[in-house]
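# Secondary and tertiary structure notes
For reference, the chains in residue letters:
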Amino acid sequence: MTDTFVKELLQGMLLLFLHPLFYGFILVAFLIGLKRVKRERKEFKVRVHPVIDNLIFSLLPGILIGLIGSVIFVAAGITLPLGMIALIGVVYLALGLTFKTRFMNPAYAVSLSAVVGLLLPKFQLGISFVDQWIVDVQKTPLDSLAVIIGVLLIQEGILVIWKGADRTSPRLFKGKRGHYIGAHEATRFWIVPQFLVLPVGSIPVLDWWPLFPMGAIGFSFFLVPFAIGYRQLVTHTLPEEAIKHLGRQVLILGFIVTGIAAVGHFYNLPLLIAIAIAAGLAGRELITLVTSQRDDTRPSHFVPRDQGVMILSVVPGTPAAKMGLKIGEVIVKVNGVTLSQESSLYRALQINAAYCKLEVLNLNGEIRFVQGSLYQNEHHQLGVLLVHDVVDRNAAVGD
């Protein structure tokens, strides 16, 4: 029994690399980075993070969190047939055509797949495997989908709290008064493969497993690629504070959806299952809309100041990064010169082309002093990005 179990797990793992959606997700992550770098160069004349930054720094956390979800799915025996797995992939593809990262999310993909399963009429196309998939979709238990939505929302909440605020991208756009203001954009695309149970294979039914047998007599495993797309624009505060707040909301929503789905399953209450699926879809969208509305109605945090210049971002590997300057701190003086705008910063740096001394107002409102060497022959490259006007730029900030 143990050998069969391990064998099926290894075979299920190999199936991940045969799923075209896995490679599609990698391509999407690359395109997100390409779009971000293009925008950063346009607004700041510099690339803040590499093109493949999102893929590199999101892949491992996504896989780790996916393993946790896999333990839950395998232990509970969350069963999905191939037809429903294929449908979820098709829905992911359709959502990708919106070119909005946040819609590439299991809360949308799995919920909409459940709706399709409910509304799909009985018909045949005369293609054997497609006809079987249609039957699979119609027979998929909705309580399985509800649990998957809830657990994946929990995973998203954990990832947003854990990694959502890392390496955010600075933004510039026009505020309501016509002046440019700064913002931070967190765009993440986590690939989170999950082991699910297929209702076909050599693993026999146990007394307590799986919870969703679908009438099958044998089971196997499939490491299914899921993606968690997430985007948040923050203007009213420091990015970490706002992003972790949203992550906690998603985490709570995930526990609520999972709890409702579990009660609906064990007490055989189809209405609760439907409520859980609807709550996952509507709740995730509501969190996004409320967060965006809150950000739009509050005063902007990154704006030009009468005294000093606020750091919108710090380019990794630059003197500013080595000196420990942080997003949101205010540079008050450079080489003894009091600053009032971006141009005064560069003039003050020219006083000493090889070394600079800074007086900085930290995030606690206290003055601290930092100093460090500058790059030879590049004294203007301190490595901080500030709010400034952008010429001939569309001010839209949509995803």
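The numbering scheme is per chain: residues are counted from 1 as the chain's sequence reads. Under the rules for a predicted model, residues below a pLDDT of 70 receive no local features and side-chain atom pairs below 80 are neither given nor counted, while totals for whole chains, interfaces and linings still include all residues. With hydrogens and water set aside, each side-chain value is computed from the structure's full complement of heavy atoms.

The name an unreviewed UniProt entry gives the protein is PDZ domain-containing protein, with Fictibacillus halophilus as the organism.

### Let's talk about unusual backbone geometry
In plain terms, the rule: The helix and strand labels rest on DSSP assignments: H or I over at least four residues marks a helix, E over at least two residues marks a strand, and numbering proceeds from the N terminus. When accessible area is computed with a 1.4 Å probe and restricted to protein chains, residues below 20% of their type maximum are described as buried, those above 50% as exposed, and intermediate ones as partly exposed.
With omega at -5°, the peptide bond leading from Trp-209 into Pro-210 counts as cis. Within the secondary structure, Pro-210 is located in the loop between β3 (194-204) and β4 (218-224). With phi around 60°, Lys-45 is a residue other than glycine that occupies positive phi space. Not every positive phi belongs to a glycine, and Arg-167 is a case in point at roughly 55°. Locating Arg-167 in the fold gives a position in the loop between α7 (142-163) and β1 (169-174). Judged by its relative accessible area of 30%, Arg-167 is partly exposed.

### Brief notes about the nonpolar core
Worth spelling out the cut-off: Here, the term nonpolar core denotes a set of buried Ala, Val, Leu, Ile, Met, Phe, Trp, Tyr and Cys residues that are joined through side-chain atoms within 4.5 Å. The contact rule is simple, with two residues in contact once any of their heavy atoms fall within 4.5 Å.
The biggest cluster of nonpolar side chains holds 72 residues, and the ones touching the most others in it are Phe-25, Ile-78, Leu-80, Tyr-92, Ile-148, Leu-196 and Phe-226. At 10 residues, α7 tops the list of elements feeding residues into this core. Those residues within four positions of Leu-196 in sequence are excluded, and the remaining contacts are Phe-73, Ile-78, Leu-80, Ile-148, Ser-220, Phe-221, Phe-222, Val-224 and Phe-226.

### Regarding helix α9 (residues 270-297)
Selection rule: By definition here, a helix of n residues has an expected span of 1.5 Å times n minus one.
Compared with an ideal rise of 1.5 Å per residue, which puts 28 residues at 40 Å, α9 spans 40 Å between its outermost C-alpha atoms and is within 8% of the ideal. Buried within α9 are the following residues: Ile-273, Ala-276, Ile-277, Gly-280, Gly-283, Arg-284, Glu-285, Ile-287, Thr-288, Thr-291 and Asp-295. For α9, the elements touching its buried residues are α5 (106-119), α7, β5 (227-234) and α8 (239-266).

### Considerations on the packing of α7 against α9
Two packed helices can be described by the angle between their axes and the distance between those axes. Note the cut-off: Note on definitions: angles span 0 to 180 degrees between N-to-C directions of axes, and those axes are lines fitted to C-alpha atoms, for helices only across the stretch in contact. What makes a crossing left-handed is the near helix being turned counterclockwise from the far one by less than a right angle; a clockwise turn instead makes it right-handed. Note on residue classes: Ala, Val, Leu, Ile, Met, Phe, Trp, Tyr, Cys and Pro are nonpolar, Asp, Glu, Lys and Arg are charged, and everything else, Gly too, is polar.
Following both chains from N to C, one finds α7 and α9 inclined at 35°, their axes separated by 8 Å at the closest point. In the packing of α7 onto α9, the handedness of the crossing is left-handed. Between α7, through Leu-142, Asp-143, Ala-146, Ile-149, Leu-153 and Glu-156, and α9, the contact on the second element is made entirely by Ile-273, Ala-276, Ile-277, Gly-280 and Arg-284. Among the residues forming the contact of α7 with α9, the class breakdown is seven nonpolar, one polar and three charged.

### So, the pattern of salt bridges
Rules: One side-chain nitrogen of Lys or Arg within 4 Å of one carboxyl oxygen of Asp or Glu is enough to make a salt bridge.
Taken as a whole and judged by the stated rule, the model has 12 salt bridges. Linking Arg-167 and Asp-53 is a salt bridge whose minimum nitrogen-to-oxygen distance equals 2.6 Å. One end of the pair, Arg-167, is in the loop between α7 and β1; the other, Asp-53, is in helix α3 (residues 53-76), and 114 residues separate them in sequence. One salt bridge in this structure joins Glu-185 and Arg-231, with 3.1 Å as the shortest N-O distance. A residue pair is termed long-range when its members are at least 10 positions apart, and Glu-185 in strand β2 (residues 180-191) and Arg-231 in strand β5 qualify at 46 residues. Looking at Glu-185, the relative accessible area reads 10%, which means it is buried. Note on Arg-231: relative accessible area 15%, which makes it buried. Here the residues in one salt-bridge network are Arg-39, Glu-43, Arg-171, Glu-185 and Arg-231, joined through shared partners.

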